[in-house]
Amino acid sequence: MDMFSKLTHLFQQALETREPSVNLLDSFLDHWKGITNYYIETTGQTRPVKQTDIPWRLKQMLDILVYEEGQQGHEEMGPCMEYLLQHKLLETLCTLGKAQYPPGMNQQVLVFFSKILVQIQKPMLHILNVYRPVQKLVRLCGLLGSQTEKEEAQFMFVVCSRVKQDPYVLNYILEIKKDNHSKRSISTSEDTEKGRSGETVPSNYPTASNPASTSSPQQHSPTDSPSTIFPANAGLIHVLVHLSRSQKSRVALKAFESLLLLVSIPKEDTAVCLAESTPLCQLLAERLCELFSQLPATLEPADIHSFPQTHWNVPFSQSGMQERQSFPGSEHMERFFAWLDFLDHLMREAPKRLAVKLAKEIHHCWLVGVLQHELLQMSEMGVLVNTALLCCSVRHIQSPAMLEELVSFLLGRHTEREQRLDTESHVLRYQLIEHCDHISDEISITTLLLFEELLQKPHRDILFNLVLRNLENRCYVTRTLGGGDDCRHFTDTDPVEENGELEEDPFFTDMYGEDEFNSSEQLLHRPQLMREHRCSGQTQALDIVNSFLCLVPQEAKTSQHVQGARYETYVHDAHGQLKECTAFLLDWDWPKSLKPTELSVSSSDFFEGHFLKVLFDRIGRILEQPYELNLQVTSVLSRLAVFPHPHLHEYLLDPYIILAPGVRSLFSVLIRVIGELMQRIEVIPNFTEKLVHVRRQLMGLDGESGVDHMPLLKGVIILEEFCKELAAIAFVKLPANNTNLQNTDTV
C-alpha cells in the first residue's frame with residue numbers, strides 16, 4: 001500500500017512539473033488550428049461568428065496566455081506567448097477582423113485585443129508584432145456605419161491606458177517617424193494586410209469589402225492606405241475624436257476618458273509629441289467650431305444667461321439627463337458647452353506645453369476664425385445672441401492657458417495709457433466697450449454681464465487693461481506748485497471745493513443734515529465730517545463710509561421704511577467679494593500705497609479710459625435708464641471698487657480727492673446725479689410716498705399699480721442701494737474691519 005502511495009505521488013508530481021507546459025502549448029495550438037481550419041472547411045459566409053466556436057476558442061487562448069504568465073517569472077516569456085509573437089497571430093487576427101468573415105469577426109478581434117492588453121501584465125506595446133497589429137486595428141476603428149463602436153471605444157481606452165503606464169510607446173502607436181520611415185511602414189503594413197504575416201491565411205476567405213464607399217470626406221474605406229485613411233501619425237487621435245461624436249453616450253464617454261488619459265501624461269516629451277507631431281489640438285478646436293456652428297441663431301438670450309455651468313461628463317450621467325433644461329436649442333447648447341468644458345479640463349490636466357498649444361489653436365480657430373465676426377456683425381440680434389454665448393463661455397473657462405488667450409482676444413496686450421480718440425488699436429475691445437452704451441438696452445446689459453464675468457477671472461491683465469493702466473500716474477488729482485498733491489484742509493466753515501463742478505452744487509454742503517440711522521441703529525459712529533483730514537488717499541475711512549451713506553437726500557431714501565433694507569445687509573456680501581478679489585492678488589505685485597504723481601505727466605492728459613468712461617456715462621443717466629440696466633451698471637462698478645488697489649480705491653471710493661480740472665470721479669458723477677434728482681423731486685408731489693410704494697413693489701410686498709415717473713423712482717432706489725453698497729465696500733476695506741468683521745455685533 002505504501003509503495004502504491006509513493007507511485008501515485010511521483011506520478012502526480014510529474015504531471016504538475018512537466019506536463020502542464022507541454023499541454024498548455026498543445027492546447028493553445030489546437031485552439032488556433034481550430035480557428036484557421038474553420039476558414040479552410042467552411043464555405044458559407046452568412047453564419048454569424050457567435051454561432052461558431054471561434055469566440056470560445058479565442059477565450060481559451062486568452063485564458064492559457066494569462067495562466068501561463070502567472071506561472072512564469074517576471075522577465076520570462078512562456079512558449080504560448082512566444083508562439084503568438086513569432087507566428088504573428090495578432091497580425092492574422094487583425095486581417096481576419098478586417099475581412100469581417102464570418103460576420104461579426106471584427107467585434108471578436110477587438111474584444112480579444114482589449115482583453116489581452118488588460119490581462120497580460122508584462123509590457124507589450126513596444127514589441128513589433130504587438131504594436132503593428134494594434135496600429136492596423138486602430139485604423140479599422142471609427143469607420144462610417146460601424147456596428148462595433150462599443151468594442152472600438154473599449155479597445156481605444158485600453159490602448160490609451162497602456163500608453164499612460166508606459167508613455168515611451170506612444171511614438172509606436174502614433175507611428176511618428178521620418179518621412180522615409182513612414183513610407184516604408186505603410187508599404188510593409190499593406191504587405192501584411194495581403195496575408196504576408198507569417199501565418200498563411202486561407203485563400204478561400206473573402207477579402208475586405210468597402211463598407212464606406214459612400215462615406216463623407218472624413219470617413220474612409222478600410223482598404224485605403226493608412227495615409228489616406230488618417231495621417232500616418234494621427235490614426236489614434238482621429239479615431240478618438242470621431243468616437244467622441246457618437247450618439248451612444250457610453251461610447252462617447254470612453255472616447256472622452258481616453259483623450260484625458262493621453263493628455264494627462266506628465267512627461268514633457270509626450271506633451272511635445274502630442275502638440276507638435278499630431279493634429280490633436282487642431283481636431284479638438286475644429287470640433288468646438290463645429291458645435292458652435294450648430295447653435296441655432298434663434299436662441300433666447302435669457303435662456304443662454306440662465307444656462308447652468310455644464311461639466312463635461314454631465315450629458316453622460318443619468319442625473320444630468322434628468323436635470324436637463326428644455327428649450328429650443330438646449331441640446332445643441334449642452335453639447336457645445338460640455339465640449340468647451342472638456343477642452344478646458346484637458347488644458348488643466350495637460351502639461352503646460354500641450355495646454356498652451358491647444359489654447360492657441362482654439363484662439364485661432366474659434367475666437368478669431370468664428371466668434372470675432374459674429375460679435376462685429378451689423379445684426380443687433382446676432383450681436384446679442386453671440387455676446388450672450390461669449391459671456392456663458394467665459395463663465396466656463398478656468399484653465400490658465402485658455403484664460404490667457406481669451407484675455408488677449410477680448411482686450412489685447414496693450415500696456416500704455418489709453419488715448420481718448422484711439423478706436424483702432426484693438427477694434428473688438430473698443431466695440432465691446434461701446435456696446436455697454438448701445439442703443440439696445442438688451443445688448444448693453446448682456447455686454448456688461450460679459451465684463452462682470454471677466455472681472456471675476458483671476459487674471460491680472462483684465463483689470464490692468466480696462467482700468468489701472470490709466471490710473472498709474474495719478475494725474476487725475478490736482479498738484480500744488482511744488483509738485484505735490486493738493487492736500488487742502490477743510491474746517492467747519494470751509495466750503496467743500498473739489499473742483500469747479502462742486503462749486504455749482506450748493507446742496508453739497510447741506511447733504512449731511514441727518515444720519516443714515518438713528519444713534520441706536522448706526523453701525524459706525526460718524527465723526528465730524530467737516531473736520532480737518534489728511535491728504536488724498538489717507539482720508540479717514542469712516543468719513544468715506546458716511547459720505548456715501550449721506551449722499552442721497554433724506555426725502556429720496558426708503559430704507560427706513562422697509563424692514564431688512566439697511567446698510568448692514570451689504571457688509572457681509574462686500575466682505576466675501578473682498579476675500580475673493582484678495583485671493584487673486586498673490587502673484588499680482590500690486591503696490592501697497594499710493595504712487596507719487598509724476599511731474600512729467602500733465603493732468604490735462606488724463607483719460608479714465610473707454611471702459612470707465614462708458615460706466616460713468618451710464619451711472620450719470622441712472623434716473624432715466626431701465627431698472628435692469630441700472631442694476632448691471634452698478635454691479636460692475638461695485639465689483640471694480642472692491643479690488644484693493646490703492647489707485648482704484650482712491651479714484652472710485654475717496655470723495656475727498658482734489659480732482660484736476662476737467663476730471664471726474666465716481667463720487668463727482670454721483671454728485672451730479674443727486675443735483676438732478678433734487679431738481680426733479682421739487683416738481684413731483686408725494687415723492688417719498690410714491691418711492692416707498694415702488695420699493696415695496698420691487699420687493700414683492702405690494703401689488704402692481706400705476707405710478708407716474710416709474711423709471712425715475714426705480715432709478716432713485718437703485719441709486720440709494722448703490723451708495724449703501726459703496727459704503728459697505730469702503731467699510732470692509734478698513735484693515736481692522738477686514739480682519740475682525742465676524743466680531744461686529746450688528747452684522
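Because the structure is predicted, anything quoted here is derived from the model rather than measured.

1. Some details on the packing of aromatic side chains
For step 1, the next point in the chain: The final tally for this structure, using the stated rule, is 26 aromatic pairs.
For step 2, the next point in the chain: A centroid spacing of 6.3 Å and a plane angle of 90° characterise the contact between F307 and F327, whose relative ring orientation is edge-to-face. Taken together, the positions of F307 in the loop between α16 (301–305) and α17 (318–322) and F327 in the loop between α17 and α18 (330–349) put the pair 20 residues apart, joining distant regions of the chain. Each member of the pair, F307 as well as F327, is classed as buried.
For step 3, the next point in the chain: K254 extends its terminal NZ or CZ atom over the ring of F157, reaching a point 4.0 Å from the ring centre.
For step 4, the next point in the chain: Its guanidinium or amino end placed over the ring of F464, R460 lies 5.7 Å from that ring's centre, counting from NZ or CZ.

2. Re unusual backbone geometry
For step 1, the next point in the chain: That bond from Y101 to P102 is cis: its omega, -5°, falls within 30 degrees of zero.
For step 2, the next point in the chain: One can find P102 in the loop between α5 (89–99) and α6 (105–119).
For step 3, the next point in the chain: A positive phi angle, near 55°, is found at Q100, a position not held by glycine.
For step 4, the next point in the chain: Counting through the fold element by element, Q100 comes out in the loop between α5 and α6.
For step 5, the next point in the chain: Of note in the backbone geometry, R474 takes a positive phi value of approximately 55° without being a glycine.
For step 6, the next point in the chain: Under the relative-accessibility criterion, R474 is labelled buried at 2%.

3. Brief notes about the side chain of T446
For step 1, the next point in the chain: Along the chain, T446 turns up in helix α23 (residues 441–455).
For step 2, the next point in the chain: For T446, a relative accessible area of 3% translates into the label buried.
For step 3, the next point in the chain: With residues up to four places along the chain from it excluded, the contact list for T446 reads H305, L384, T387 and A388.

4. Thoughts on the nonpolar core
Grouped burial of nonpolar side chains is what soluble globular proteins tend to show.
For step 1, the next point in the chain: The biggest cluster of nonpolar side chains holds 220 residues, and the ones touching the most others in it are F155, W366, L640, L670, L677 and F687.
For step 2, the next point in the chain: No other element matches the 16 residues that helix α33 (residues 710–732) contributes to this core.
For step 3, the next point in the chain: F687 has contacts with E555, A556, L677, I681, L712, L713 and V716, leaving out every residue within four places of it along the chain.

5. Observations concerning the side chain of H647
For step 1, the next point in the chain: Relative to the elements of secondary structure, H647 occurs in helix α30 (residues 646–653).
For step 2, the next point in the chain: When neighbours within four sequence positions are excluded, H647 is seen to be in contact with L471, E472, R474, Y476, L594 and K595.

Parameters at a glance
- Residues numbered from 1 in each chain as written.
- Predicted model: local features only at pLDDT ≥ 70, side-chain atom pairs only at ≥ 80, totals over all residues.
- Heavy atoms only, no water.
- Phe/Tyr/Trp six-rings, centres within 6.5 Å; stacked < 30°, edge-to-face > 60°.
- Helix = DSSP H or I, 4+ residues; strand = E, 2+ residues; numbered from the N terminus.
- Buried < 20%, exposed > 50% of the residue type's maximum accessible area, 1.4 Å probe, protein only.
- Lys NZ or Arg CZ within 6 Å of the ring centre and 35° of its normal.
- Contact = heavy atoms within 4.5 Å.
- Core = buried A, V, L, I, M, F, W, Y, C linked by side-chain atoms within 4.5 Å.

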